[in-house]
Number of protein chains: 2
Amino acid sequence: MQVVVIGANACGAKAGCRIKRLNPKAEVILIDKDEVISYGACGIPYFISGDVPNENALRETSYHVVRDERFFENAKGLKVLIKTLAEEIDRTRKTVKVRYLETGKTEEIPYDKLVIATGSLPRRLNVPGEDLDGVYTISSFKGAIEIKERIARGEVEKVAVIGAGLIGLEMTEAFRDLWELDVTLLEYFPQILPRNLDPFMARIVERHLKQKGVNLLLNARIKEIVGKEGRVRGVQTENEFIEADLVIVAVGVIPNSELARKAGILVSPTTGGIIVNDRLQTSDPDIYAGGDCIEIPHLITGKKVVMPMGSLANRQGRVIGSNIAGYPAVFKGTVGAFILKCFELSIGGVGLTLSQAKQEGFKADYALNNQTERSHFYPDAKYAYYALIFDRETTRVLGFQAVGPLTDGTLARLHAISSILPHKPLVEDLLQLELAYAPPFNSALDPIHDTAHVADNLIKGLFRSISWEEVLSRLKRGDENTLVLDLRHPKEAEFNLKTYKNVKHILYQEFRHHLQEIPQDKDIILICNSSRRAYEVARILQAEGFERIYVPLGGVSFPVRWGEKIK
Amino acid sequence: MQVVVIGANACGAKAGCRIKRLNPKAEVILIDKDEVISYGACGIPYFISGDVPNENALRETSYHVVRDERFFENAKGLKVLIKTLAEEIDRTRKTVKVRYLETGKTEEIPYDKLVIATGSLPRRLNVPGEDLDGVYTISSFKGAIEIKERIARGEVEKVAVIGAGLIGLEMTEAFRDLWELDVTLLEYFPQILPRNLDPFMARIVERHLKQKGVNLLLNARIKEIVGKEGRVRGVQTENEFIEADLVIVAVGVIPNSELARKAGILVSPTTGGIIVNDRLQTSDPDIYAGGDCIEIPHLITGKKVVMPMGSLANRQGRVIGSNIAGYPAVFKGTVGAFILKCFELSIGGVGLTLSQAKQEGFKADYALNNQTERSHFYPDAKYAYYALIFDRETTRVLGFQAVGPLTDGTLARLHAISSILPHKPLVEDLLQLELAYAPPFNSALDPIHDTAHVADNLIKGLFRSISWEEVLSRLKRGDENTLVLDLRHPKEAEFNLKTYKNVKHILYQEFRHHLQEIPQDKDIILICNSSRRAYEVARILQAEGFERIYVPLGGVSFPVRWGEKIK
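Residues numbered from 1 in each chain as written. Chains lettered and ligands numbered in written order. Predicted model: local features only at pLDDT ≥ 70, side-chain atom pairs only at ≥ 80, totals over all residues.

### Notes on the overall build of chain A
- Regarding its fold elements, chain A presents 16 helices and 30 strands.
- Relative to the 2.2 N^0.38 estimate, which gives 24 Å for 567 residues, the radius of gyration of chain A is 27 Å and therefore close to what a compact globule would have.
- Taking the principal axes of the C-alpha coordinates as reference, chain A spans close to 90 × 55 × 45 Å.
- The buried share of chain A, taken over its 567 residues, is 57%. (Helix = DSSP H or I, 4+ residues; strand = E, 2+ residues; numbered from the N terminus. Rg over C-alpha atoms; globule rule 2.2 N^0.38 Å. Buried ≥ 20, exposed ≤ 12 C-beta atoms within 10 Å, placed from the backbone.)

Now the structure itself:
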């Protein structure tokens, strides 16, 4: 059996090696247009930041051998053709026409089974100046080395990063943290990570970026990348000119499915991804495809999506290898889990955001929670912020987001939710999760439990929530029909009492003795740090017949972390 | 409605407060025989170690208010009777007879609904000397304060901890780490954590304990706790005398179900736990029970077990509160998840150990894996050790164990497995888990994936495993029918080549050129650090017709971490 694999990174290299492990007698030919193959593309920001000491580290195995073409040939027994472009697939004759880029010569290589792992192409902005010297996408190993060399040579002082998605944020930190460059981050949408977070979480990260000295421009419409003598000089938005001697365009990727489409393999007109079944076979049963170039089912919506993630590509490579070697395997789909380091924050999410869930037609609602990642009495227990997205009608869990300190605590909660999400859990099912506890690692009730409790209480109608935007607006305009009751220690309430005239302080643990001080003819908004005390007091007041009682979700900690004028 | 709650810690306090939140007009009376209520019992080791600065910290809310009886009365609206012993339940008249321990007076308190949250009692050793001054169990707040005072006064130099379970290990660290006391840890079984880990994981922890200066005695049969003038002096085992001026007996707990049993409530004769349904109702529908005093279904075996964990007690308290207040809720059972800090290790597990699984009649087998917790190229990526227990016949996942560095990485993998375990996953289902990846937090393939790959390859018969015990035995006796092939860098293989005569070195990535050097008439055992390279070479040799090929699970890293004579 001869297997040809087009593309020698995450998915392709994995598929090829898996085939050889299962069937050492198979002939596997790995083709890649680049010179450098099987590098950890997700590590590029850490190579540029200096966390990863040299470029070879991204190409090494865990036992420190460089995964170059010789390694794949000697150790893995694959034939590797680098600097070789796959130009055409002839499905009738079962051949791939390749062009050797160094010599310009072409050849037809026959296959019994073919794997298309052509990855993705960086999305273009389609504005003038995108091809100027000094404008990069994060899509090649060579480009990454060039960027680092420019910085090391002292040629870069000001960087503009266009696109505040996952890669844009990682690159922003890479430039800012070690190199201390002057970084402007430009985002088209009114928030960072628009596809990954809702504003209540994104705003925590936005403030953190600003505190780290990043010049963050939201709602930025790029008109032109401006150059002089072929070299980039800056970015012109609708409103301003940003000087830059290096520009990173990180506005997403599109599936590199053209080769497949030209060969008559079915490609989705909506997503642009190659259509595959759950064994990752294309419309031609002898041709498999995986990685960034395919579309896969989203396990929450049931719709097909392109989800360009290195982890999925690796898993898909193994599935393809197994199937080709005669060991049936399936890849069922994605729940869209991501995690991200951003300076001193860990940021993660899975499933749908609130706005995505509403777009998909769910009666979506959300619960917020802030809680220490370990027992609050344990030293150095730091606060993290959680959001749960759920459907009000069915109580189904639709998504989860977390922003926490730089521990693996965010990963832990994500791992739990992503593992269970394909089972279509209800909020009630989250209460059943057994989440290990010891004070150095967790609270007796995991943050997932307490976030789900908020959702559960909302679903049961035990309290009425109000958005912090609305609360802040009423505070700022001194709304006379609203009384904000601050339930915390008098010192904690001081700033709000001094700043706003419609705030009153009653200590939580003495609340039951002060019921007569609460007006019946106003909206009562109860606040404390996490809204736990506020919820309890709401229950008391409701039992006493008060009707206009509101609890803002997540506590004062949220707007404080957004940088709002509240303490 | 009047609700009486017997026991004011994790489960009881939670149940009482939940009832008041759902139904603020309910009368809730919390009864406890102790003076100190609602303290974080799981925090005692950290109070003794000094990580938690003072005893009040264990009783404080996250907003630093002490949860004493006044707090429960003022803030929560419960009536609290401390130093009050519940002596008898009259189910016909629906009353609880209590004795006020300070005055000796008794009273009958009527209830509409009753909650039994009487917790557990420390298991006794039943040897002479158990009541000597200086012998403690970790079962009371007062005892913990006494222990710390004795140490602080300089009265303690040598400590004996009897029982290397979760509490015993936490206490060992508490005495050793900050106070640098001379600690002997005695365990009846031939390994530490016998109910939680299999030997292949326990041995890593045992070596770590020894490296931390703990005197670890396994297979220790305690004959007597020896004293002089009423004060403890040491521990006499079958073999030796261990000097000690403080002795901790931590040999487990038993459900404190006597009050329930005397009242005619059904108590299991096998587990000793109060029998409850999934709404946590006892055999008397007006009486609920939760926490350490009940038995619950084990979701892997279906059998009833007692699982005395603070996290479960808290969740059960909420379920009881909901049900009593008219909001139906269930508690479905346990998968037995635990996590533990032990000096610089995090240790966790869930489900059944290999030996438990075999005892339960499963055709149990296991896979081992060692892997960095984050991308191997990311700075400070540390190795962690994983075991997956599964059923060979059904391929069902039965358990998971992890030993890693002091991060939240172990928690993350545990959270994923415990969340999915109630769904009875197969090994194949673990390959489908979507586990978020970015280099600072994970590998592209999570350690769960790679551990499941080993299991999957075993199930598919792709290689034959051999235990490290067997490999070490053949090395040590120089077995002539065995050739151990070390596939690593020559420097890594040096020690083994020098130490054992039946070891040969062939570099992994040059292996294909050296096939003629491999004898057909010997058992070939392939070794490398993690067994990934060994597995690949096994596949090549098998394809070449070699039949006696073995790969020890988990790689050399396991016996190295056990302290065996191998490198």
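### Quick look at the relation of the copies chain B and chain A
- Between chain B and chain A, the superposition needs a rotation of 180° and an axial shift of 0.0 Å, giving an RMSD of 0.0 Å. Seen this way, the second copy is the image of the first under a two-fold rotation axis. Relative to the rotation axis, the closest C-alpha in chain B is found at Ala 412 of chain B, a distance of 1.7 Å.
- A symmetric contact is evident, with 99% of the interface residues of chain B recurring at the interface of chain A. (Least-squares fit on C-alpha atoms with pLDDT ≥ 70 in both. Contact = placed C-beta atoms within 7 Å.)

### Structural notes on helix α5 (residues 166-177) of chain A
All names here are of chain A.
- Over its 12 residues, α5 runs 16 Å from end to end, which matches the ideal 16 Å to within 8%, given 1.5 Å per residue.
- For α5, the complete set of buried residues consists of Leu 166, Ile 167, Gly 168, Leu 169, Glu 170, Met 171, Thr 172, Glu 173, Ala 174, Phe 175 and Arg 176.
- Tucked into the core, α5 has its buried residues touching α2 (44-49), β10 (158-162), β11 (182-186), β16 (246-249) and β21 (338-342). (Expected span 1.5 Å × (residues − 1).)

### Some details on the interface of chain B and chain A
- If you look at the interface, chain B gives 79 residues, while chain A gives 79 residues.
- Of all elements in the fold, only α1 (10-22), α3 (69-74), α8 (310-324), β21 (338-342), β22 (345-351), α10 (409-420) and α15 (532-543) of chain B reach the threshold of two or more residues within the side of chain B that touches chain A.
- Among the elements that make up the side of chain B that touches chain A, the one with the highest residue count is α10 of chain B (10 residues).

### Things to note about the sheet that holds β22 of chain B
Residue and element names in this part refer to chain B.
- Pairing within the open sheet is antiparallel, and its five strands lie in the order β21-β22-β25-β24-β23. Bordering the open sheet on either side are β21 and β23 (364-372), each of which pairs with just one other strand. For this sheet, the mean inter-axis angle between neighbouring strands, taken without regard to orientation, is 15°.
- The pairing of β23 with strand β24 (residues 383-391) spans nine bridges and is classified as antiparallel. Bridged to Asp 365 within β24 is Phe 390.
- This element, α10, spans β21, β22, β24 and β25 (397-404) of the sheet and lies at about 5° to β22. (Pairing = 2+ DSSP bridges. Axes fitted to C-alpha atoms, helices over the stretch in contact; angles between N-to-C directions.)

### Considerations on the packing of helix α1 (residues 10-22) of chain A against helix α8 (residues 310-324) of chain A
Residue and element names in this part refer to chain A.
- In contact at an axis separation of 7 Å, α1 and α8 are set at 30° when each is read in the N-to-C sense. The handedness of the crossing between α1 and α8 is right-handed. Across the interface between the two elements, Ala 10, Cys 11, Gly 12, Lys 14, Ala 15, Arg 18, Ile 19 and Leu 22 from α1 touch Gly 310, Ala 313, Asn 314, Gln 316, Gly 317, Arg 318, Ile 320, Gly 321, Ser 322 and Ile 324 from α8.
- A class-by-class count of the residues in the contact of α1 with α8 yields eight nonpolar, seven polar and three charged. (Left-handed = near helix turned anticlockwise from the far one by under 90°. Nonpolar A, V, L, I, M, F, W, Y, C, P; charged D, E, K, R; others polar.)

### Here's the deal with the environment of Gly 43 of chain A
- Within the fold, Gly 43 of chain A resides in the loop between β2 (27-31) and α2.
- Each residue touching Gly 43 of chain A, except ones within four places of it in the same chain, is listed here: Val 52 and Leu 58 of chain A together with Ser 375, Phe 377 and Pro 439 of chain B.

### A word on the pairing of strand β30 (residues 549-552) of chain A
All names here are of chain A.
- Of the two faces of β30, the one holding Ile 549 and Val 551 and the one holding Tyr 550 and Pro 552 are both buried throughout.
- Bridging between strand β26 (residues 465-466) and β30 involves two bridges; their strand directions are parallel. What sits directly across from Ser 465, in β30, is Val 551.
- Note that strand β29 (residues 523-527) and β30 share two bridges and pair parallel.

### Comments concerning the confidence of the model for chain A
- Here chain A shows a mean pLDDT of 97. Residues at 70 or above account for 100%.
- Taken over the whole predicted complex, pTM reads 0.97, whereas the ipTM for its chain interfaces reads 0.97. (pLDDT = per-residue confidence, 0-100.)

### Points about the nonpolar core
- If you look at the biggest cluster of nonpolar residues, it comprises 392 residues, and the most contacted ones within it are Ile 162 of chain A together with Val 5 and Ile 162 of chain B.
- Those residues in contact with Ile 162 of chain A, other than ones at most four positions away along the chain, are Leu 125, Leu 186, Ile 222, Val 235, Val 247, Ile 248, Val 249, Ala 250 and Val 251 of chain A. (Core = buried A, V, L, I, M, F, W, Y, C linked by C-beta atoms within 7 Å.)

### A short note on unusual backbone geometry
All names here are of chain B.
- Notably, Ser 38 is not glycine yet its phi reads approximately 50°, a positive angle.
- Secondary-structure assignment places Ser 38 in the loop between β2 (27-31) and α2 (44-49).
- We classify Ser 38 as buried; it has 26 C-beta atoms within 10 Å.
- Phi angles above zero are rare outside glycine, and Leu 280 is one such case at about 70°.
- Its location among the elements puts Leu 280 in the loop between α7 (258-262) and β18 (287-289).

### A look at the sheet that holds strand β7 (residues 113-116) of chain A
All names here are of chain A.
- Read across the sheet, five strands follow the order β3-β2-β1-β7-β18 without closing on themselves; strand pairing throughout is parallel. Looking at which strands have only one partner, the edges of the open sheet turn out to be β3 (79-81) and β18 (287-289). Strand-to-strand twist in this sheet, taken as the mean axis angle between neighbours without regard to direction, amounts to 20°.
- With respect to the sheet, α1 is in contact with β1 (2-6), β2 and β7, its orientation differing from that of β2 by roughly 170°.

### Notes on the pairing of β2 of chain B
All names here are of chain B.
- Counting buried residues along β2, four of its five residues qualify, which places the element largely inside the surrounding structure.
- Here strand β1 (residues 2-6) pairs with β2 via five bridges, running parallel. In the strand pairing of β2, Gln 2 is matched with Glu 27.
- Crossover β1 to β2 through α1 is right-handed.
- Inspection of the sheet shows β2 paired to strand β3 (residues 79-81) by three bridges, in the parallel sense. Looking at the pairing, Ile 31 lines up with Leu 81 of β3. (Right-handed = clockwise from strand over helix to strand, strands pointing away.)

### A closer look at the environment of Gly 12 of chain B
Residue and element names in this part refer to chain B.
- Topologically, Gly 12 is positioned in helix α1.
- The spacing of Gly 12 and His 513 is 501 residues in sequence and 69 Å in space, taken between C-alpha atoms.
- When residues no more than four places from it in sequence are discounted, the contact partners of Gly 12 are Val 5, Ile 6, Gly 7, Leu 30, Val 115, Ala 117 and Gly 317.

### Considering helix α12 (residues 447-459) of chain B
Residue and element names in this part refer to chain B.
- The terminal C-alpha atoms of α12 lie 18 Å apart, and with 13 residues this matches the ideal 18 Å at 1.5 Å per residue to within 8%.
- In terms of residue burial, α12 counts as a mostly covered element, since 11 of its 13 residues are buried.
- The inward-facing, buried residues of α12 contact β23, β24, α10, α11 (427-431), β26 (465-466) and α15.
- One or two positions beyond α12, positive phi appears at Gly 461, with a value near 70°.

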